[in-house]
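Results of the structural survey
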Amino acid sequence: MAEKITVSLIKADVGSIAGHSRPHPRMMEVASEALGRAVRDGLLVDYYVTRCGDDMQLLMTHRHGENNKEVHGLAWNAFMAAASEAKKMHLYAAGQDLLSDAFSGNVRGQGPGAAEMEFEERPTEPMLVLMADKCGPAAYSLPVAKIFMDPFTTTGLVIDPRAHQGYDIEIVDVVDHKKVLMSSPAELYDILALLGDTTRYAVKRVLHRTIGTSAVISTEKLNMLAGKYVGKDDPVMLVRCQSGFPAVGEVLQPFAFPQLVAGWMRGSHYGAWYPCGVDQSDPSYYDGPPRVCALGIQVSNGKLQGAEMPGSKPGDHKFIDYFAGKEWDYVRNKAMDISIYMRGHGPFMPGIVPPEDLEYTTRPEILKKLEPRMQPL
Ligand code: F6R
Ligand code: MG
Ligand code: MG
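Residues numbered from 1 in each chain as written. Chains lettered and ligands numbered in written order. Predicted model: local features only at pLDDT ≥ 70, side-chain atom pairs only at ≥ 80, totals over all residues. Heavy atoms only, no water.

1. Focus: the pattern of salt bridges
Under the definition given, this model contains 21 salt bridges. The salt bridge involving aspartate 54 is made with lysine 134; its shortest N-O contact spans 3.0 Å. With aspartate 54 in the loop between strand E2 (46-52) and strand E3 (55-62) and lysine 134 in the loop between strand E5 (125-133) and helix H3 (141-149), the pair connects residues that are 80 residues apart, well separated along the chain. The class of aspartate 54 is buried, set by a relative accessible area of 2%. (Salt bridge = Lys/Arg side-chain N within 4 Å of Asp/Glu carboxyl O. Helix = DSSP H or I, 4+ residues; strand = E, 2+ residues; numbered from the N terminus. Buried < 20%, exposed > 50% of the residue type's maximum accessible area, 1.4 Å probe, protein only.)

2. Some words on the coordination of the magnesium ion (ligand 2)
The protein atoms that coordinate the magnesium ion (ligand 2) are Asp13 (OD) and Asp54 (OD), at distances of 2.0 to 2.2 Å. A separation of 3.5 Å is found between the magnesium ion (ligand 2) and the magnesium ion (ligand 3), both of which receive a donor from aspartate 54. Placement of the pair is aspartate 13 in the loop between strand E1 (4-12) and helix H1 (25-40) and aspartate 54 in the loop between E2 and E3, with a sequence separation of 41 residues. Just as aspartate 13 is buried, aspartate 54 falls in that class too. (Donors = N, O, S within 2.8 Å, 3.2 Å for Na, K, Ca; no water.)

3. Things to note about the site of ligand 1
Taken together, the residues surrounding ligand 1 are His20, Tyr92, Lys134, Trp264, Met265, Arg266, Gly267, Asp287, Glu359 and Tyr360. Within the contact set of ligand 1, an oxygen atom lies 3.2 Å away from a side-chain nitrogen or oxygen of glutamate 359. Tyrosine 360 is positioned such that a nitrogen or oxygen atom in its side chain is 2.7 Å from an oxygen atom of ligand 1. Taken by itself ligand 1 offers 410 Å² of open surface, and the protein chains cover 78% of this. Of the residues contributing to the shell around ligand 1, the split by class is four nonpolar, two polar and four charged. (Near = heavy atom within 4 Å. Polar contact = N/O pair within 3.5 Å; in protein donor to acceptor, adjacent residues only side chain to side chain. Areas by Shrake-Rupley, 256 points an atom, 1.4 Å probe, with all protein chains shown as cover. Nonpolar A, V, L, I, M, F, W, Y, C, P; charged D, E, K, R; others polar.)

In structure tokens, the structure reads:
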């Protein structure tokens, strides 16, 4: 039986250049150094440090399972080191997502987002790493519904005998901190009745009943954790693909629909999801529009291989940057049209999110001020 491997993707926004844009290369460097040392010390098998917009992404492989204290501690320390560089340079929002002063054994609940899965490696293990900026954890619900439950998206559900049985979907209530495991297609309409409410429900995990976990998403809701708004969640998703799981193309295809997601400017607007390469993920229009990047990797004995080229330095070229290609220009143009249209609403709903989801609000003070002037109808 193959040895179990864990892929952990832990992310945080710990400061960026000129607003909420991108981490400084020095921040990425110190995080890479920390993870590099952990490979030499035997804690990690491999790692890759990347980013999506202003969020630093630590992709790590190891043999210690999910929620491992040492691995989470390593990620925490790597973010602390990056935040300290950001503070030295007086970068914007330095240390933003590190909500506590002391690490308590697990990054969950302390600000960073984590998507982790432990599995027995198949003879070949193609995976997708999806990373989003300027949006909440429910942003993946619509694509996940299409990928794993919609036969008009994933033909594999119809013609691949291994996928035909469907998938189990773990759904979390991010407000009341509850979860439930549901079965597709048997409970398809019930699942959609929950997931359609993107203010409360999000998919945490998707499981194939015999092969195991296919997808996992970070669902930590930062504004709930902190008790006050400290930034959008900017969630990540890991997906194991092919051979009974959805094909890579079936996972990517739903992103050709530039769905409206909550987040964007001041975490308070609806904008069209904009698929792009990592290097194009700077929030260049109205602090957005919300971005999504997709890296294709191969995991082999825990090593991240993918499109690594002869002669490349460690940490280089370990992925395919799927949304960087020109074919996605069509979607990007459409996303811009939609986002500009939504902007036309200014501070009116549905251009902005409902009052309870606003990043910050002046309404209580305004109402207080108006109290003496308020007349019964
Ligand atoms: C959204 C985001 C930005 C900021 C905006 C205001 O997730 O990060 O749109 O909300 O730039 O930032 P502050 O409140 O720091 O002035
Ligand atoms: Mg930010
Ligand atoms: Mg961000």
